[in-house]
Each structure stands twice: as C-alpha cells, then as structure tokens.
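Remarks on the overall topology
Given next are the chains, with one letter for each unit.
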Amino acid sequence: MPHILSSSSIVMSTIFLGSPQFSYTPSLSSPKNPFKLPISIMATCIHSSRTKSPPKNKPQINNNVYNYVKYCQPNFPNLITSNPFSQKILKVEEEEGEENLWVKMKDEAKFDIDQEPILSSYYVSSILAHESMERALANHLAMKLSSSNLTNATLYDLFIGVLTDDQDLIKSVKADLLAVKERDPACISYVHCFLNFKGFLACQAHRIANKLWLNGRKILALLIQNRVSEVFAVDIHPGAKIGKGILLDHATGVVVGETAVIGNDVSILHNVTLGGTGKMCGDRHPKIGDGVLIGAGTCVLGNVRIGDGAKIGAGSVVLKEVPARTTAVGNPARLLGGKENPKRLDKIPSLTMDHTSHISEWSDYVI
C-alpha cells in the first residue's frame, strides 16, 4: 500500500524561515537599500491530498535549427565593450510555460515524498511551505550560504528583497531551470535541479550579487561571491553580466571575471575560466555570444568575442576571436576547417550539447 501524504504525517522543521518558531535577526537593510524587504510572515498551508505522478516532459526544442537571418551576424567589431548584448537573437519555444513551473515543482516534491517519506520534512520546508518560487529560492540559498556569523535569517531578508524587487530576475531563474532540465540528462526533475544542482544555485546567487553590485552595495556582493566560491566551488565576480537560459554543468572550478559577458542560452561545463591576460584594469574579459557551448577545462582569456552559436572543444585555450557558428579546439585553439574557410555549424551547440561532432576533421588521432 503506497504511503499517503497527510497533514498529520508532516513534521514542520523549526529552522524553516517564516515559521512561527523562527525569529529574525537584524537585517542588512539600510536607508540606501533600494530593495523592499518582506514585512509579513508567510503562512505554511499545504494541501494534504495526493496528486498523481507528474507526466514526462515533452521535448522542448524542435531540431535546434538556426534561423540564420535573425540569429547570426556575419562580422564583429574589432573593439569590444562590456555592454550586454542589446539584441535578443535566440528564442526557443517552450511547450511548458514558466507560469506553471512552480506548480509543477510542487507536484514533483509531493511525488518525491511518496517515494522517500523520510524526506518529507526537507521537502516541506524547502518547497511545499512556500507560496512562490522567489521565497523558496531565497530560503534555500540562505540555508546554503549561511555561516556561524552570517545567519540564514539575515541572508533570507536580503535575498527575498532582491528577488521580489526585480521580476526579470525571477524570469531568468525559471529560464535557467528549463535549460538545465532540457539539456542535462542527469536532471530527473525541476525540483531536483532547484534543490541539488550547485551550478544552478551558484548562478542564481550570482544574479542576486550582481543586482547588489549594480546598486552600489559592492561589499555585500563580494561577500556573496566569496560564500558561493567556498560552498559551490564556483567563482563568478558580481560585476560579470550573465544572460538567461544558462547551464553550468557540474560547475566545479568555473571562474568568470569582472568584465565578462555571457549571452543567452549558453552551456558551460566544469573547470572553465573566462579570465584576463594580466594585471591591467578596464574591460579585460571574454564576451560570450548566445547559444555558445564551452567544453570542460577550457580557458578563454582576454577581451575576445566568442561568436553566437560557436563551440569550444574541451581543454582548449582561446586567445583570439571565434566567429559565429564555428568550432575551435586545441591549445592554442584553432578553427575546424581553417581560418579562411571554417566549417559552419547548422545546429545550436549549447542546445544539442554535442561535444564531439566533426572532431575527425581536426585530428586523425585514434586510440
């Protein structure tokens, strides 16, 4: 007989932020804080009925084919600035809307509790007791990044203030969730990614830190960067600009410099460095276009542009511009097909996650 989730079988955690037993410590808010902080304690109301297992997701990407006219630009300027890309080139049609994502995550949490009742308290305090994704994310990040002298209550106040102040930020969070579920075969559900994928969590913590950085609260932003580096082994400077639909796969060892720009729908694997080339100040870090795939162990150094839809092979060292829809691999990196007539990709590499196609054209080495 299957385990039935009921209100009597759920034990609320006393460390859940917003529960009656929880008391807030002084906030980091200040007269200069542009973010509004919550003034009420949220209710912890959970439906006790059992829901059916969530249906399997249908494929969200149809053939991953380029729209060449809108997606690609034939040339790049020689001088690159750190301004974010003004044109949203890549658009992916999602069959499941972002509006239903939080509802689906709650259904997945209930399903997981049926499979593992021992985790009921964890899922309740992390997911089911929250009225919105913003609150759940603020709570989860606060629990992950808190320390003995930086309490989760203080961080929760700070995080929820940022998340509720900017709706575009939470749209980026949802786009990242959809991206991870679509591209990573190891991701079994949205709630699994939300709770357990450190690349996703590090990216969302960076989004919060970046908002603080842009609003002049640089000390707090740098503190969050440090805690994310210690907890998740991901080091992204709060000044870096990151688009939406981002997959940081495995994520360990990812380093992104202050003036780096990452476009939309980009997939980056572990041990990737987007760094500078020396100790000079100013605009000194890479600019990654939309739809780019960067393989594990890659270093992209200097203020160079990686064009839209390009692919960088694992272990490469990139020091020069990579044109759109081309593949660069090696140390130093070279274009497949040669500089004069590089082979053009016909699919978006960040969506296909294809790391090895056309590799025989670069090397005939066989083990």
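Anything mentioned here points back to the structure above.
A few points on the structure. Being a predicted model, the structure only gives us computed values, none of them experimental. (Residues numbered from 1 in each chain as written. Predicted model: local features only at pLDDT ≥ 70, side-chain atom pairs only at ≥ 80, totals over all residues. Heavy atoms only, no water.)

Mapped onto the elements of the fold, His237 is located in the loop between β1 (235-236) and β2 (241-242). Classification of His237 as buried rests on a relative accessible area of 16%. Separated by 2.9 Å, the side chain of His237 and the backbone nitrogen of Gly239 make a polar contact. (Helix = DSSP H or I, 4+ residues; strand = E, 2+ residues; numbered from the N terminus. Buried < 20%, exposed > 50% of the residue type's maximum accessible area, 1.4 Å probe, protein only. Polar contact = N/O pair within 3.5 Å; in protein donor to acceptor, adjacent residues only side chain to side chain.)

For the coordinates displayed, the defined rule picks out two aromatic pairs. Relative to Tyr123, the ring of Tyr122 has its centre 5.8 Å away and its plane inclined at 75°; by these criteria the two rings are edge-to-face. Take Tyr122: its relative accessible area is 33%, and that puts it in the partly exposed class. The exposure class of Tyr123 is buried, given its relative accessible area of 9%. (Phe/Tyr/Trp six-rings, centres within 6.5 Å; stacked < 30°, edge-to-face > 60°.)

Before going further, it helps to spend a moment on helix α3 (residues 120-128). With seven of nine residues buried, α3 lies mostly within the body of the structure. When we look at burial in α3, the residues that qualify are Ser120, Tyr123, Val124, Ser125, Ser126, Ile127 and Leu128. Buried-residue contacts for α3 involve α2 (101-115), α4 (133-145) and α7 (190-196). (Contact = heavy atoms within 4.5 Å.)

This brings us to the side chain of Arg135. Mapped onto the elements, Arg135 comes out in helix α4. One polar contact links Arg135 to Tyr156, side chain to side chain, over a distance of 3.3 Å.

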